[in-house]
Amino acid sequence: MARAASARGRARRRGRCGRCGQCALLACAAWTAGWVLAGALLLRAHPGVLSERCTDEKSRRILAALCQDYRGGALTGDLCEDLCVAGKLLYRRCLYYERGKKVLQADWRGRPVVLKSKSAAFSSFQPLGLLEGEQEEGGPDVPEAELLLMVAGQVKSALGLELPNSSLGPLWPGRRGARWRGQLASAWALLQQEEYVYFSLLQDLSRHVLPVLGSCGHFYAVEYLAAGSPHHGALFPLDEATGPLWGGQGQAKAVSDIALSFLDMVNHFHSDFSHRLHLCDIKPENFAIRSDLTVVAIDVDMAFFEPKMREILEQNCTGDEDCNFFDCFSKCDLRVNKCGAQRVNSNLQVICDKIFRHWFSSPLKSSAVSFPLQLQLREAVQECADSPRAAPSVFWKLRRLLQATQRELQGAEK
């Protein structure tokens, strides 16, 4: 009996130890999963935390390799001669590296420009398969129709749009010459960069995006504009725009002009293309202000036309939080556990929340704007920021109030 009781006791202790071990294992797994989730959320919110360090030494090596490939005939472009031979495109500084993307500042014939590429090395891009059979420059030509078909397919993959051949001009090296293979290879590397495709196709259609100034291999050049930053009091460097009136009436006028330009951009992206253009990463750093106070989108890596946006949003889900793609939100249909393809918020609502609220939640730095008008503007911005769909009536209300602000400021100058 004693031995039996002792055996039962040992069995109970083993059972308790087993259960404790299982509990400890589950707790450890939960703790690990929590940290993995926290890390994933951190990377999603701040992808730059794992970015490669941006240095002049690395940047110069990248451009040296680019020029070596140019001299070897592997790539070409209308900026290669100035960069690699004539010394008219001069590297100045590294702006940032992020998730492989390289962004460098340079001077091109006395003009500040930005050189961009999705990757440092030309060899990182998928080669054009049609060129593999052509071993020599003077080999048989690739049929033009076949090349255009591949370009259209790449645009469809990148943007979700089917474009006619007549729209592909900015993306296509139209002339054949001694470096035809290098032209094709360079064009194909550029086509694999969504931002380049956006800038090239929209540069003649929109004043709110940067035009492409030229390219060399997989790097393309755009206008240099000082980006916004949360460290600026007014989010954007406005010293040149406001002049000696900085901090008062001049700042208030500049802010109202910029806000109206943001509204113009919102309306333009919503209505003026064949498909709505969604901005899914709205923050001051992704915009700049020209000297005439026009807002320009300088980083469109997270911009999507409606067909691509629907494809991105329509994912499996167990709740609405699974349907949030940065600043673009959808709703989870729990009947089928699928996110809706329709975005439920808008560019306007996010701009009101992340940009306008910073400007108009407190009184403008100018006594020239009446308090009732400032109050109405503050309430309209709040309404816009808190309304996911930000109805058209809110857009027109904001526009009317900002125009009234401009009139009061102009009247005070007389």
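Residues numbered from 1 in each chain as written. Predicted model: local features only at pLDDT ≥ 70, side-chain atom pairs only at ≥ 80, totals over all residues. Heavy atoms only, no water.

A. Layout of the overall build of the protein chain. When its secondary structure is counted, the protein chain shows 12 helices and 13 strands. The buried share of the protein chain, reckoned over its 414 residues, is 45%. Contacts in the protein chain between residues at least 24 apart in sequence constitute 63% of all its contacts with a sequence separation of at least 6. Element-wise, carbon and sulfur atoms account for 54% of the exposed surface of the protein chain, whose accessible area totals about 21,500 Å². (Helix = DSSP H or I, 4+ residues; strand = E, 2+ residues; numbered from the N terminus. Buried < 20%, exposed > 50% of the residue type's maximum accessible area, 1.4 Å probe, protein only. Contact = heavy atoms within 4.5 Å. Areas by Shrake-Rupley, 256 points an atom, 1.4 Å probe, with all protein chains shown as cover.)

B. The arrangement of the state of the cysteines in detail. Evaluated as defined, the whole model comprises 7 disulfides. At a sulfur-sulfur separation of 1.6 Å, the disulfide partner of Cys54 is Cys94. Between Cys54 and Cys94 the disulfide shows an S-S torsion of about -115 degrees. By sign, it is left-handed. Linking Cys54 in the loop between α1 (2-45) and α2 (56-71) with Cys94 in strand β1 (residues 89-98), this pair joins segments that are 40 residues apart in sequence. Overall, the relative accessible area of 27% leaves Cys54 in the partly exposed class. Under the relative-accessibility criterion, Cys94 is labelled buried at 12%. Each sulfur in the disulfide pair Cys67 and Cys84 lies 2.1 Å from the other. Linking Cys67 and Cys84, the disulfide has an S-S dihedral of approximately -80 degrees and is accordingly described as left-handed. Residue Cys67 is located in helix α2, and its partner Cys84 is located in helix α3 (residues 80-86); the two are separated by 17 residues in the primary sequence. (Disulfide = S-S within 2.5 Å.)

C. Layout of the environment of Ser186. Among the secondary structure elements, Ser186 is positioned in helix α5 (residues 180-191). Relative accessible area serves as the criterion here: at 4%, Ser186 is assigned to the buried category. Between the C-alpha atoms of Ser186 and His218, which are 32 residues apart in sequence, the distance is 5.9 Å. Among residues more than four places away in sequence, those in contact with Ser186 are Leu75, Thr76, Phe122 and Gly217.

D. A look at the sheet that holds strand β4 (residues 212-216). Strand order in the open sheet made by the 5 strands is β1-β2-β3-β5-β4, with antiparallel pairing throughout. In this open sheet, the two edge strands, each paired with only one partner strand, are β1 and β4. Within the sheet, the average angular offset between the axes of one strand and its neighbour, ignoring direction, is 25 degrees. Relative to strand β2 (residues 101-108), β1 runs antiparallel, the two being bridged by 8 bridges. In the sheet register, Tyr91 faces β2, and the bridge partner there is Ala106. Packed on one face of the sheet, α2 meets β1, β2, β3 (111-117), β4 and β5 (219-223) and runs near 115 degrees to β1. (Pairing = 2+ DSSP bridges. Axes fitted to C-alpha atoms, helices over the stretch in contact; angles between N-to-C directions.)

E. Region of interest: the packing of aromatic side chains. Using the criterion set out here, one finds 15 aromatic pairs in the structure. Between Phe262 and Phe356, the aromatic rings sit 6.3 Å apart at their centres with planes inclined by 80 degrees, giving edge-to-face as the arrangement. Placement of the pair is Phe262 in helix α8 (residues 249-271) and Phe356 in helix α10 (residues 347-360), with a sequence separation of 94 residues. Seen from their ring centres, Phe356 and Trp359 are 5.9 Å apart, and the 25 degrees between their planes marks the pair as stacked. Here Trp359 and Phe356 lie together in helix α10, a separation of 3 residues that amounts to about one turn. For Trp359, a relative accessible area of 7% puts it in the buried group. Counting every residue linked through ring pairs, the aromatic cluster contains Phe236, Phe262, Phe287, Phe356, Trp359 and Phe360. (Phe/Tyr/Trp six-rings, centres within 6.5 Å; stacked < 30°, edge-to-face > 60°.)

F. Representation of the nonpolar core within the structure. In terms of nonpolar packing, the biggest core is built from 93 residues, with Phe262, Phe356, Trp359, Phe360 and Leu398 touching the most fellow members. Per element, the largest residue contribution to this core is 11 residues, and it comes from α8. Other than its neighbours up to four places away in sequence, Trp359 contacts Ala234, Leu235, Phe236, Val255, Ile258, Ala259, Phe262 and Leu364. Among the nonpolar cores identified, the runner-up in size contains 26 residues, and Leu75, Trp108, Val113 and Phe125 belong to it. (Core = buried A, V, L, I, M, F, W, Y, C linked by side-chain atoms within 4.5 Å.)

G. The confidence of the model for the protein chain, seen in detail. Residues with a pLDDT of 70 or more make up 81% of the protein chain, whose mean pLDDT is 86. This model gives residues 1-5 a pLDDT under 50, and the stretch forms 0 contacts once residues within four places in sequence are excluded. pLDDT under 50 marks residues 135-139. Its contacts with residues more than four places away, or in other chains, come to 8 contacts. (pLDDT = per-residue confidence, 0-100.)

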